[in-house]
Amino acid sequence: NPEHPVRVLSSYHPEPLEVGGLSFLSQSGSLLTALLFNDERLRFNLAVSTGQELVTTVADYLDYAVEQPSTRAVAMVLESIRDTDKFIAGLEKAKARKIPVIVLKLGRTEAGARMALSHTGAIAGNNEVYSAFFRRYGVIECRDLPELAATAILMTNSRRVSRGGLSAILDSGGERELLADLAHDIDVPFADISTKTEAVLRANLDANLEAINPVDAWGTGRNFEAVFENCFGALMADDDTAIGMFVADLSQDLDLHEGYVDVCEAVARNTDKPVVMMTNYSAWNHRKFAVRLTRAGIPVLDGTEASLRAVRHALDYRDFLNREDTDSFVNPVNFRAQYWRDTLSYRTAPLTEDEGYALLNDYGIPTPRHYVVECVRQLEKASEYVKFPMVMKTAEPGILHKSDVGGVLLNIETIRDAKAAYLELADKFGARVLVSELSHGDVEMAFGLVRDAQLGNFAMVAMGGIWVELLSDSQLARVPLDREVAKRRIESLKMARILDGIRGMEAVDKESLIDIFVNVGRLAADLGDLISEMDINPVLVNSKGAVAVDSMIVPSGIVQGRHDI
């Protein structure tokens, strides 16, 4: 704790640490010291290796960190969260104080999770669940240590990004192409600069250089300091510039690069937006310049990809703070919830198809018109309620994957066909058969429930049908969720463009999908602790709406492995 100062750490470092605004909490001692003792751009007010957390957990340290007036950002190396409620409280406090929380999550893969178990006894959660949890609370998730460091350097700066995108100035056409390529891959938008800004660029650039953002400003090199300062200053003054970046591979042995540093300092003095110096590659041959710029309030970031990811994180955090508070969304009371809690609590078998339909209907999830028959004579009554063409499924308890065993018959057009289909199903599986109207859709979707012992219940949306496992195109949201969260997650599916219509297909009714996703979240919030598996697949959607035509709902009291018929 450099502020007091207090040092209780097994790793010895002879130099005192320069106090700054970064709190660094790590469940790995080595990854803590990798940043703590090697990079003067990172300045700490607190650095903690949390050990086995037998008494004090990372949630306790988070709460302490966000209480400190000097904390500008919190960085974490995280294997597991042991005290979820306290951790969430810390994240909510961080949001209220506009303190970004940056996390490098370890154990994301199956192999990594096994190592986490053997290393500290932590239970590493599912990667997608953690990512959904982090999204819910605005946590910035990083993939490796360089990205964590770059993001922490940027986010501890006193200036925050404003509206708009990235403006950049470079001294190389090739590096401009590299920047543009990686910015596209990482989805970092460039500022759409005004004609006024373009005019300033044209007035300063050599005749053969383009007045566009990002700007390659190196021509003959004549009077380069004034050219770069005027052009960079114009970019920073543009209304659509959220953050400015000077890209150069700094070397402290070059007078030219000292001129670049002077330009950055001059431009930064005339704007309240963040000004960043970025190097595409460095072996730390610019330590002197980096420290100088850091002390002037100008972050220096190394590595094109890590730097651009840090910028993307800064833009995302800006957008997170500007959104309406998701946690203010209150799950409305469902007066059928207690009935279903009682039913699921004592249930010793999965819900039948009609019971599943009833549960979904009680939570506002549309299902086909249907009727259960137990003898051939009841088909006449069913045909008065359910229109042709029909679908007939075995409704015998315990048969979960009906299609796999031939328990579903489609396109039944007449009562004669219905009687023949009934006899076929009854002979093969038993007398109980569900009759429903044939539903149509242009796209098949799937919804479900994911339970995590540490982090709670999550609603899932995916591209559905028989390809759901092969496509692996799914999104999770912690429940309950509002319509805006549901919309963002649906639009984040890899194949979301299909929903807008392709090759002459009409756009589907996305509002109906948002309704279903929100309602699945309500169901999961009310009943998720009593359901071990819930798979609503497929949900057929077209331009007129969506309907859930099949579901599998397994109460949590059933022993795994005994119901998979």
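(A) Up close: the overall build of the protein. Along the backbone of the protein there are 19 helices and 20 strands. Buried positions account for 53% of the 565 residues belonging to the protein. Of the contacts formed within the protein by residues at least 6 apart in sequence, a portion of 70% connects residues at least 24 apart. Accessible surface, the protein as shown: approximately 25,800 Å² in total, 49% of it carbon and sulfur. One finds the centroid of the 59 positive side-chain charges in the protein at a distance of 3 Å from the centroid of its 82 negative side-chain charges.

(B) Inspection of the pairing of strand 20 (residues 551–555) at higher detail. Within strand 20, five of the five residues are buried, which leaves the element mostly enclosed by the surrounding structure. Burial along strand 20 is two-sided: S551, I553 and P555 facing one way and M552 and V554 facing the other are all buried. Pairing analysis gives five bridges linking strand 18 (residues 531–542) to strand 20, with the strands arranged antiparallel. Bridge assignment links D535 to a residue of strand 20, and that residue is M552.

(C) Geometry of the pairing of strand 8 (residues 241–247). Taking burial as the measure, the seven residues of strand 8 include seven buried ones, the bulk of the element. Read as a crossover between parallel neighbours, the route from strand 8 over helix 10 (residues 255–269) to strand 9 (residues 275–279) is right-handed.

(D) Structural context of the packing of aromatic side chains. Using the criterion set out here, one finds 16 aromatic pairs in the structure. Measuring from centroid to centroid gives 4.8 Å for F246 and Y260, while their planes differ by 45 degrees, and the two rings are tilted. With F246 in strand 8 and Y260 in helix 10, the pair connects residues that are 14 residues apart, well separated along the chain. In this structure Y260 comes out as buried when scored by relative accessible area, which is 0%.

(E) Examining the confidence of the model for the protein more closely. For the protein, per-residue confidence averages 91 on the pLDDT scale, and 94% of positions sit at 70 or higher. Under a pLDDT of 50 for its full length, residues 117–125 has, in the predicted model, 23 contacts with residues more than four places off or in other chains. Scored below 50 in pLDDT, residues 559–565 shows twelve contacts in the model against residues more than four places distant or in partner chains.

(F) Quick look at the nonpolar core. Core analysis: the biggest nonpolar cluster contains 47 residues, and F24, L42, I102, L148, L179, M245 and L308 have the highest contact counts within it. Core analysis: the next-biggest nonpolar cluster, separate from the first, contains 43 residues, Y363, A477, A486 and L499 among them.

(G) Here's a closer look at the packing of helix 9 (residues 224–237) against helix 10. Remark: helix 9 packs on helix 10, axes separated minimally by 9 Å, with the N-to-C direction vectors making an angle of 35 degrees. Crossing of helix 9 against helix 10: the hand is right-handed. In this structure, helix 9 uses F224, E225, F228, E229, F232, G233 and M236 to contact helix 10, whose residues at the interface are L256, G259, Y260, V263, C264, A266 and V267.

(H) Structural view of the sheet that holds strand 1 (residues 19–26). Pairing is parallel in the open sheet, where five strands are placed in the order 2-1-3-4-5. At either margin of the open sheet sits one strand with a lone partner, and together these are strand 2 (44–49) and strand 5 (140–142). Strand-to-strand twist across the sheet, computed as the mean angle between neighbouring axes with direction ignored, equals 20 degrees. Note: strand 3 (residues 73–78) against strand 4 (residues 101–105), five bridges, orientation parallel. Within the sheet, the bridge partner assigned to M76 lies in strand 4 and is V103. Against the sheet, helix 1 (residues 29–36) contacts strand 1, strand 2 and strand 3, and its axis sits at roughly 155 degrees relative to strand 2.

(I) Representation of the state of the cysteines. In the structure shown here, the tally under the stated rule is zero disulfides. Residue C231 stays outside any disulfide, its sulfur separated by 13 Å from that of C264, the closest cysteine.

Calculation criteria
- Residues numbered from 1 in each chain as written.
- Predicted model: local features only at pLDDT ≥ 70, side-chain atom pairs only at ≥ 80, totals over all residues.
- Heavy atoms only, no water.
- Helix = DSSP H or I, 4+ residues; strand = E, 2+ residues; numbered from the N terminus.
- Buried < 20%, exposed > 50% of the residue type's maximum accessible area, 1.4 Å probe, protein only.
- Contact = heavy atoms within 4.5 Å.
- Areas by Shrake-Rupley, 256 points an atom, 1.4 Å probe, with all protein chains shown as cover.
- Lys, Arg positive; Asp, Glu negative; His and termini not counted.
- Charge placed at Lys NZ, Arg CZ, Asp CG, Glu CD.
- Pairing = 2+ DSSP bridges.
- Right-handed = clockwise from strand over helix to strand, strands pointing away.
- Phe/Tyr/Trp six-rings, centres within 6.5 Å; stacked < 30°, edge-to-face > 60°.
- pLDDT = per-residue confidence, 0-100.
- Core = buried A, V, L, I, M, F, W, Y, C linked by side-chain atoms within 4.5 Å.
- Axes fitted to C-alpha atoms, helices over the stretch in contact; angles between N-to-C directions.
- Left-handed = near helix turned anticlockwise from the far one by under 90°.
- Disulfide = S-S within 2.5 Å.

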